[in-house]
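In case you want the letters, here they are:
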Amino acid sequence: MGVPAQTNPAEAVADGDTADARTSTVVDVKGLTMHYGDIEVLHGIDLAIARGDVCAIVGPNGAGKTTLVEILEGYRTRTGGAVTVLGLDPSHPTRAWRSRIGIVLQSCEMPAALTVWELVERFAGYYPQPRPVAETLELVGLSDRPNARAGTLSGGQQRRLDVAMALVGDPDVLFLDEPTTGFDPSARHQAWDVITGLRELGKTIVLTTHYMEEAEALADRVIVVVAGRVVADGTPETLGGRDHAPSTIRFRLPEGVNVAQLPSSHNGGFVADRDHVTMTNADLDDLEALIAWCRENTRPLPGLTVERPSLEDVYLELTGGVR
Ligand code: ATP
C-alpha cells in the first residue's frame, strides 16, 4: 500500500458532477475486456459491488487484478464492456468523481521532510469537503505522531499515512492495492483494524490481496480472478462451495487402539499419520459413527478436530494450486 494517489489531487475539486451517490450498486462491470496490444488479459469480467461492501479481489500473479482495479479507478482505459463506478464511467472521470475516490497504491515516494500533519493537511486542501486532519489521523491511528517527519516513520506507520492521505478527501470508495504486503503480523493486524474502522464508516472498499487470511478477516465478498476471468465470487464462508465441502476429522489414536478398529466410512477410512489419524472427505454420518464408537468403547478421542477446507484450500483448488 503506497501513494495515496487520489488521482491528481490538484484536480479534486467540485465541478458540479451529479453522479448518483445513492444507488446501492457502487461498482458495476459488464463484459469488461482489456487488451495490451494483441493480447487480451481480461476476457469479459462481470461483477457488481454494493455500497458499504468490503470486496477482496484475489488471484495469482498476472491474473489481471491490477488491470481491473486500475480501470475502475479511471487510470486505465478498457478495450470493451461497460463499467460504472459511483454511477459514472471511469474512462471519462470528472473532478467531482475523482474527489469521491480514494486510492492507495502499492508503493510511494513522499516528501520525507514534511510532517504527518503537514502532508495530510496539504492533501486536505485539494478536496471540496475534506475530513478534518485531526479526525483523519485518529482514524488511522496516527494521532500520537502528528509532528513526526514522513521520513522517520516505520513501514507500518508509513502505510497508515498513505491511508490517511487517501481518506482526508472523505471518499465514498477506497481502492487498496495489496494493503499489507511486506508487513509483519502485528503491523498487518493493525492495518486490518484501520480497514475495519473504515467499513464501520460505511465506505465501500475494494482491495487486492495475496493473503487469504486477509480476505477472510476483512471482506464481505471475495472475487477470484484467474487468467483474466472471474472463476468464483462469494462470501469468504461460501466461496467455491466451501460451506458444503466435506470435512477432515483428525484426532490422536487412543492408546491400545488399532486404526482397523475404528468405524470405517463409505467415503474411505481413517489413515494413520504418525501419532494422529485423519479422515478426509468426511460427512456427518462419519462423525456420528465415530462418536457412537467412542461411547460403546468408552474411549476418548484426544485432540479431536473437525474442519472444513480453509479459504486458502478453496483458493488453491480454484486456481489449480497456483498462488
Ligand atoms: P500481480 O498479482 O502480479 O500484481 P495482477 O493480477 O495484478 O498480477 P496485472 O498486473 O493486471 O495482473 O497483469 C495482467 C496481465 O497483463 C499480465 O500478463 C501482465 O504481464 C500484463 N500487463 C500488465 N500491464 C501491462 C502493460 N502495461 N503492458 C502490457 N502488458 C501488461
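Refer to the structure presented above.
Residues numbered from 1 in each chain as written. Predicted model: local features only at pLDDT ≥ 70, side-chain atom pairs only at ≥ 80, totals over all residues. Heavy atoms only, no water.

Caption draft 1: Highlighting the overall build of the protein chain. Helix and strand content of the protein chain: nine helices and 13 strands. If you line up the protein chain on its principal axes, its C-alpha atoms span 75 × 45 × 35 Å. Across the 323 residues that make up the protein chain, the buried fraction comes to 46%. Within the protein chain, contacts between residues separated by at least 24 positions form 70% of all contacts whose residues are at least 6 apart in sequence. Surface accessibility of the protein chain: about 14900 Å² in total, with carbon and sulfur atoms responsible for 49%. In the protein chain, 28 positive and 45 negative side-chain charges are present, and the distance between their average locations comes to 3 Å. (Helix = DSSP H or I, 4+ residues; strand = E, 2+ residues; numbered from the N terminus. Buried < 20%, exposed > 50% of the residue type's maximum accessible area, 1.4 Å probe, protein only. Contact = heavy atoms within 4.5 Å. Areas by Shrake-Rupley, 256 points an atom, 1.4 Å probe, with all protein chains shown as cover. Lys, Arg positive; Asp, Glu negative; His and termini not counted. Charge placed at Lys NZ, Arg CZ, Asp CG, Glu CD.)

Caption draft 2: Quick peek at the site of the ligand. Around the ligand, the surrounding shell consists of Y36, V41, P60, N61, G62, A63, G64, K65, T66, T67, E178 and H210. A distance of 2.9 Å separates an oxygen atom of the ligand from a polar backbone atom of G64. A distance of 2.6 Å is found between an oxygen atom of the ligand and a side-chain nitrogen or oxygen belonging to T67. When the ligand is considered free in solution it has 630 Å² of accessible area, and contact with the protein chains removes 59% of it. Among the residues forming the shell around the ligand, the class breakdown is four nonpolar, six polar and two charged. (Near = heavy atom within 4 Å. Polar contact = N/O pair within 3.5 Å; in protein donor to acceptor, adjacent residues only side chain to side chain. Nonpolar A, V, L, I, M, F, W, Y, C, P; charged D, E, K, R; others polar.)

Caption draft 3: View of helix 8 (residues 284–297). Its 14 residues give helix 8 an end-to-end C-alpha distance of 20 Å, which sits within 8% of 20 Å, the value for a rise of 1.5 Å per residue. Residues of helix 8 that are buried: D286, L290, W293 and C294. Relative to the axis of helix 8, the buried residues are bounded by an arc of 100° and lie together on one face. Exposed side chains of helix 8 directed beyond 90 degrees from the buried face belong to L284, R295 and E296. Looking at the buried residues of helix 8, the elements they touch are strand 10 (247–252) and strand 12 (276–282). A distance of 3.1 Å separates the backbone nitrogen of D285 from a side-chain oxygen at the start of helix 8, and that oxygen is part of D283. T298, located one to two residues past helix 8, shows a positive phi value of around 40°. (Expected span 1.5 Å × (residues − 1). Arc of directions from axis to C-beta.)

Caption draft 4: The packing of helix 5 (residues 155–167) against helix 6 (residues 185–200), seen in detail. Running from N to C, helix 5 and helix 6 point in directions that differ by 15°, and their axes come no closer than 11 Å. As far as their axial angle goes, helix 6 and helix 5 are roughly parallel. The handedness of the crossing between helix 5 and helix 6 comes out as right-handed. Each of R160, V163 and L167 in helix 5 lies in contact with helix 6, whose residues at this interface are Q190, V194 and L198. By residue class, the composition of the contact of helix 5 with helix 6 is four nonpolar, one polar and one charged. (Axes fitted to C-alpha atoms, helices over the stretch in contact; angles between N-to-C directions. Parallel < 35°, antiparallel > 145°, perpendicular 65-115°, else oblique. Left-handed = near helix turned anticlockwise from the far one by under 90°.)

Caption draft 5: Just unusual backbone geometry, in detail. The residue A227 is not glycine, and still its phi comes out positive at about 45°. Relative to the elements of secondary structure, A227 occurs in the loop between strand 8 (221–226) and strand 9 (229–234). Since its relative accessible area comes to 51%, A227 is described here as exposed. Unlike most non-glycine residues, N281 shows phi in positive territory, near 60°. Turning to its location among the elements, N281 is positioned in strand 12. Relative accessible area serves as the criterion here: at 41%, N281 is assigned to the partly exposed category.

Caption draft 6: Seen up close, the sheet that holds strand 8. Spatially, six strands are ordered 5-6-7-3-8-9 in an open sheet, and the strand pairing comes out mixed. Strands with a single pairing partner mark the edges of an open sheet, and in this sheet they are strand 5 (101–104) and strand 9. Between one strand axis and the next, the sheet turns through 15° on average, direction left out of account. Here strand 8 pairs with strand 9 via five bridges, running antiparallel. Bridge pairing in strand 9 links I223 to D233. Packing of helix 6 onto the sheet brings it into contact with strand 3 (54–58), strand 6 (173–177) and strand 7 (204–208), and relative to strand 7 it is tilted by some 150°. (Pairing = 2+ DSSP bridges.)

Caption draft 7: Examining the nonpolar core more closely. Grouped together as the largest cluster of nonpolar side chains are 45 residues, with contacts concentrated most on V58, V120, L161 and I205. Top element by residues in this core is helix 5. It accounts for six residues. With residues up to four places along the chain from it excluded, the contact list for I205 reads D53, V54, C55, L174, L176, I195, L198 and R199. Grouped together as the second largest cluster of nonpolar side chains are 28 residues, V26, V27, L47 and I57 included. (Core = buried A, V, L, I, M, F, W, Y, C linked by side-chain atoms within 4.5 Å.)

Caption draft 8: Geometry of the pattern of salt bridges. Taken as a whole and assessed by the stated rule, the structure comprises twelve salt bridges. Ionic pairing is found between E135 and R131, a salt bridge with its closest N-O pair at 2.9 Å. Exposure remark for E135: the relative accessible area of 39% places this residue in the partly exposed category. Counted as one network, the salt bridges with shared partners bring together R131, E135, D170 and K203. (Salt bridge = Lys/Arg side-chain N within 4 Å of Asp/Glu carboxyl O.)

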